[in-house]
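# Working through the structure, step by step
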2 protein chains.
Amino acid sequence: MLSDVMEDYLKAIYVIEEESGPPVATSSIAERVEKTAPTVTSMLDTLAERGLVTREKYEGAELTAEGRTVAIEVLRHHRLLETYLAERLDYSWDEVHEEADALEHHISEAFERRVADVLGEPAADPHGDPIPSPDLEPPGGEATVPLSACEAGDRVVVARVSDRDDADLAYLDDAGVTPGTTVAVVDVAPFGMVTVAVDDGEQSLPESVAESIHVTVADTPEPDSAETGAGA
Amino acid sequence: MLSDVMEDYLKAIYVIEEESGPPVATSSIAERVEKTAPTVTSMLDTLAERGLVTREKYEGAELTAEGRTVAIEVLRHHRLLETYLAERLDYSWDEVHEEADALEHHISEAFERRVADVLGEPAADPHGDPIPSPDLEPPGGEATVPLSACEAGDRVVVARVSDRDDADLAYLDDAGVTPGTTVAVVDVAPFGMVTVAVDDGEQSLPESVAESIHVTVADTPEPDSAETGAGA
DNA sequence: GGACGGGATTAGACGCATCTAATTCATAAG
DNA sequence: CTTATGAATTAGATGCGTCTAATCCCGTCC
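Structural notes, computed from the coordinates. Note that this is a predicted model, so its numbers are computed, not measured.

### A few points about the protein's contact with DNA strand D
Close to DNA strand D lie 19 residues, the nearest being A:Ser3, A:Lys35, A:Thr39, B:Ser27 and B:Thr41. Residue A:Lys35 places a side-chain N or O atom 2.9 Å away from a phosphate oxygen belonging to DNA strand D. With respect to DNA strand D, the side chain of A:Thr36 contributes an N or O atom lying 3.0 Å from a phosphate oxygen. Breaking the surface near DNA strand D down by element, the ones donating at least two residues are α1 (4-20) and α3 (37-49) of chain A together with α2 (26-33) and α3 (37-49) of chain B. Its residues assigned to classes, the surface near DNA strand D comprises nine nonpolar, seven polar and three charged.

### Thoughts on the relation of the copies chain A and chain B
Of the two same-sequence chains, chain A is brought onto chain B (RMSD 0.1 Å, axial shift 0.0 Å) by a rotation of 180°. Such a combination of rotation and displacement between the chain copies is what one expects of a two-fold axis. In terms of proximity to the rotation axis, the leading residue of chain A is A:Leu103, whose C-alpha is 3.5 Å off the axis. Comparing contact sets, 100% of the residues at the interface of chain A also lie at the interface in chain B, consistent with an isologous, same-surface contact.

### Observations regarding the environment of A:Ala159
Residues and elements named next belong to chain A. The residue Ala 159 is located in strand β4 (residues 155-161) in this model. Taking the relative accessible area as the measure of exposure, Ala 159 reaches 18% and is therefore buried. A C-alpha to C-alpha distance of 4.8 Å links Ala 159 and Val 215, two positions 56 residues apart in sequence. In contact with Ala 159, not counting residues within four places along its chain, are His 127, Gly 128, Thr 144, Pro 179, His 214 and Val 215.

### Focus on the pattern of salt bridges
Across all of its chains, the model carries 16 salt bridges over all chains by this definition. Of the charged contacts, one joins B:Asp101 and B:Lys11 as a salt bridge, the two residues approaching to 2.9 Å between their closest N and O atoms. Of this pair, B:Asp101 sits in helix α5 (residues 96-103) while B:Lys11 sits in helix α1 (residues 4-20); the two residues are 90 residues apart in sequence, bridging distant segments of the chain. Since its relative accessible area comes to 28%, B:Asp101 is described here as partly exposed. When its relative accessible area of 13% is taken as the criterion, B:Lys11 is described as buried. One salt bridge connects B:Glu104 with B:Lys11, and the closest N-O pair in it is separated by 2.7 Å. Of the two residues, B:Glu104 sits in the loop between α5 and α6 (109-119) while B:Lys11 sits in helix α1, which places them 93 residues apart along the sequence. A network of salt bridges, in which partner residues are shared, links A:Lys11, A:Asp101 and A:Glu104.

### Quick notes on the nonpolar core
Of all hydrophobic cores here, the largest spans 30 residues; its most connected members are A:Leu89, A:Phe111, B:Leu89 and B:Phe111. At the level of elements, α4 (65-88), α5 (96-103) and α6 (109-119) of chain A together with α4 (65-88), α5 and α6 of chain B are the ones that each hand at least two residues to this core. Aside from chain neighbours lying at most four places away, what touches B:Phe111 is A:Leu85, A:Leu89, A:Tyr91, A:Glu99, A:Leu103 and B:Leu81.

### Regarding the packing of α1(A) against helix α2 (residues 26-33) of chain A
All names here are of chain A. Two elements in contact, α1 and α2, have axes separated by 10 Å at closest approach and are oriented at 120°. Judged by the angle between their axes, α1 and α2 are oblique. In terms of crossing hand, the pair formed by α1 and α2 is right-handed. Contact with α1, carried on its side by Asp 8, Tyr 9, Ala 12, Ile 13, Val 15, Ile 16 and Glu 19, involves Ser 28, Ile 29, Arg 32 and Val 33 of α2 and no other residues of that element. Among the residues forming the contact of α1 with α2, the class breakdown is seven nonpolar, one polar and three charged.

### Details of the protein's contact with DNA strand C
The environment of DNA strand C is formed by 20 residues, the closest being A:Ser27, A:Thr41, B:Ser3, B:Lys35 and B:Thr39. Taking B:Ser3, its side chain carries an N or O atom lying 2.9 Å from a phosphate oxygen of DNA strand C. Here a phosphate oxygen of DNA strand C sits 3.0 Å away from a polar atom, N or O, in the side chain of B:Thr36. A total of four residues in the surface near DNA strand C trace back to one element, the largest contributor, which is α3(B). For the surface near DNA strand C, a count of residues per class yields 10 nonpolar, seven polar and three charged.

What counts and how
- Residues numbered from 1 in each chain as written.
- Chains lettered and ligands numbered in written order.
- Predicted model: local features only at pLDDT ≥ 70, side-chain atom pairs only at ≥ 80, totals over all residues.
- Heavy atoms only, no water.
- Near = heavy atom within 4 Å.
- Polar contact = N/O pair within 3.5 Å; in protein donor to acceptor, adjacent residues only side chain to side chain.
- Helix = DSSP H or I, 4+ residues; strand = E, 2+ residues; numbered from the N terminus.
- Nonpolar A, V, L, I, M, F, W, Y, C, P; charged D, E, K, R; others polar.
- Least-squares fit on C-alpha atoms with pLDDT ≥ 70 in both.
- Contact = heavy atoms within 4.5 Å.
- Buried < 20%, exposed > 50% of the residue type's maximum accessible area, 1.4 Å probe, protein only.
- Salt bridge = Lys/Arg side-chain N within 4 Å of Asp/Glu carboxyl O.
- Core = buried A, V, L, I, M, F, W, Y, C linked by side-chain atoms within 4.5 Å.
- Axes fitted to C-alpha atoms, helices over the stretch in contact; angles between N-to-C directions.
- Parallel < 35°, antiparallel > 145°, perpendicular 65-115°, else oblique.
- Left-handed = near helix turned anticlockwise from the far one by under 90°.

These figures capture arrangement, not role.
Pasting the structure below:
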């Protein structure tokens, strides 16, 4: 039996692999799971013994197929729970994460299946993150870019928003920046501050927030008049 | 923060107090939580240090007011979950227990409240056990007796059925012996085997099962002619 | 190429929940 | 009153996940 703790590490490694690819550094796992580096090192040893990760000393870790499957199952639990809480228990978009984190390790296969059934096997959770299918294959990621990488003039559709910071989430919800909405990038200032136009006005977002918003570009500005180059 | 494990002990002590009153013996806790006696002893020490139980060596343990409140909260979680699973997630009566046991320690106050809300603050779970109210006062137990203590001729209403053995539960469900149904006691044989009449025939239940079914007596046989029965 | 700096690992310890084996206690039987 | 019996406790060890402090390795900078 895998402990909750091990599942948390595997999940962390998975999402880091998703965003930066393997190998995954000890320190980035440590940051994500909020443990010290030596703790992570020893857990990686345990995980490696169990065949859930491979690793080389001083390099980094990488999930095995088995470890990846476990991680994806946890992620499926997490995202199904978030969706269920939002749809059936009146949770708001920004509240679901914590509860799902607490429950994801403790639901049975039966629970997972029934929740998926009553929801109709949804494809994405309230933050826009894809919900892995029951076969636990890695969900196909459609190409998205962080909002922080966009340029002034782009019109973009919000694909997903990191679920890691409740305060940011509440703010974005309030601002009308939710998965599926279209926003126009008004300005990208020095240090990454991004200003976007939404239905009810303009919002300026610090870089840290803009990084956590992933979008698909609907429309790029035409590179035509005076402002073509490394402008502004 | 109280660990899940501590909550389990407190819950166990509470239900044992319910059925036999304090003080609660180390060995009966050990049996219920499926741990060895020394393990229970040391946990009782911990619990006593935290002010959740009082105890005297070689005597037994008793919940403090605080310990009782914790136990009742866990029980509220458990029974709300059982009810929710049965009503909203298509679980059968005999499946809910295990899932509720796994989840009861991990749901938030918010979750508890919302589940109670969508269910309309139910009074009893699918096994007939009373669901503690949000104030966490001990739920008022209406007087019931175990089916094993009934006599031939009694007509009784099933009040609640222990949720501890899935196989028994499935059998009883199939037999039509569920909370709220009325059954007639046909015979009480030596060693406690009880035969009851239900809608679809007669069922013979071993004593262990008959002990776990609590009933209210609707009608006692008049100690008079051979067949006083008020006309079946 | 040698020293430095920062991330990673090893060393060693701790707290918790658990176990088995040995001991102690309460009490029922003689 | 003494002893036997069974329950409860103490003693001592284990596994796990965690920490801090010390050491080690690798890539960079002079």
